[in-house]
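Residues per chain, in single letters:
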Amino acid sequence: MAGKDRDRFSTATRLRLLGEQTAARVYRSQNRRQARRSRLTGRAAFLALIVCSLVVALAYPMRQYISQRDQIAEQERLSQEARERTEELRDEKARLKDDAYIRRLARQHLHYVLPGETAYTVIDPDAAEERRGEPGATGQPWHSNLWDGVDSADRG
């Protein structure tokens, strides 16, 4: 027994046992990884197939749903605008029944005056400047502009 104990504690024996244990652990872990990989590969492929099928199956209905929600929101907005416009027109209709409002509109838009009043029309100098600054407005009569255009086309 003493020889066996001595052999058990020798450096060579310890190194050999350590190498065998290490090799067993490495091979065991490799076998587990390979078994795990092969087991998960089929499952992963099946899971990926299911997920892709669901995505393809739900893509069109989801797009339709979102599109319809946008259309509903747009129609609700248009409906609200129509309600507001209807209220404005009802208010305008009620105002048009008032004679004083009609007189004010006639004086403002049609330049009506009451007997004994003098009407004046004031031309805004800024508006006249803006018209002169428009392209094509040279200050000449229209027929002069026309003949100038014909002459410049002949020269061209």
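Thresholds applied
Residues numbered from 1 in each chain as written. Predicted model: local features only at pLDDT ≥ 70, side-chain atom pairs only at ≥ 80, totals over all residues. Heavy atoms only, no water. Helix = DSSP H or I, 4+ residues; strand = E, 2+ residues; numbered from the N terminus. Areas by Shrake-Rupley, 256 points an atom, 1.4 Å probe, with all protein chains shown as cover. Salt bridge = Lys/Arg side-chain N within 4 Å of Asp/Glu carboxyl O. pLDDT = per-residue confidence, 0-100. Patch = residues over 30% accessible without salt bridge, like charges linked within 9 Å, V, L, I, M, F, W, Y side chains within 5 Å. Buried < 20%, exposed > 50% of the residue type's maximum accessible area, 1.4 Å probe, protein only.

Turning next to the overall build of the chain. The helix and strand inventory of the chain stands at five helices and zero strands. Taken from N to C terminus, the helices and strands of the chain fall in the order α-α-α-α-α. In the form shown here, the chain has an accessible surface area of approximately 14700 Å², with 58% of it arising from carbon and sulfur atoms.

Our next topic: the pattern of salt bridges. The tally for this structure, following the rule as stated, stands at six salt bridges. Across the salt bridge formed by Glu81 and Arg77, the nearest N and O atoms sit 2.4 Å from each other. Note that Glu81 and Arg77 are positioned in helix H2 (residues 11–96) at a spacing of four residues, about one turn of the helix. Among the ionic pairs, Arg107 bridges to Glu117, the shortest N-O distance being 3.0 Å.

This paragraph deals with the confidence of the model for the chain. The predicted model of the chain has a mean per-residue pLDDT of 82, with 79% of residues at 70 or higher. Of all the helices and strands in the chain, helix H1 (residues 2–8) carries the lowest mean pLDDT, 55, while helix H3 (residues 99–109) carries the highest, 91.

Turning next to a nonpolar patch on the surface. On the surface, a cluster of nonpolar side chains totalling about 830 Å² of accessible area is made up of Phe46, Leu49, Ile50, Leu54, Leu58, Met62, Tyr65 and Ile66. Within the secondary structure layout, Met62 lies in helix H2.

Further remarks concern unusual backbone geometry. Located in the positive-phi region is His111, a residue other than glycine, with phi close to 60 degrees. With respect to the secondary-structure elements, His111 resides in the loop between H3 and helix H4 (125–132). The class for His111 is exposed, based on a relative accessible area of 61%.

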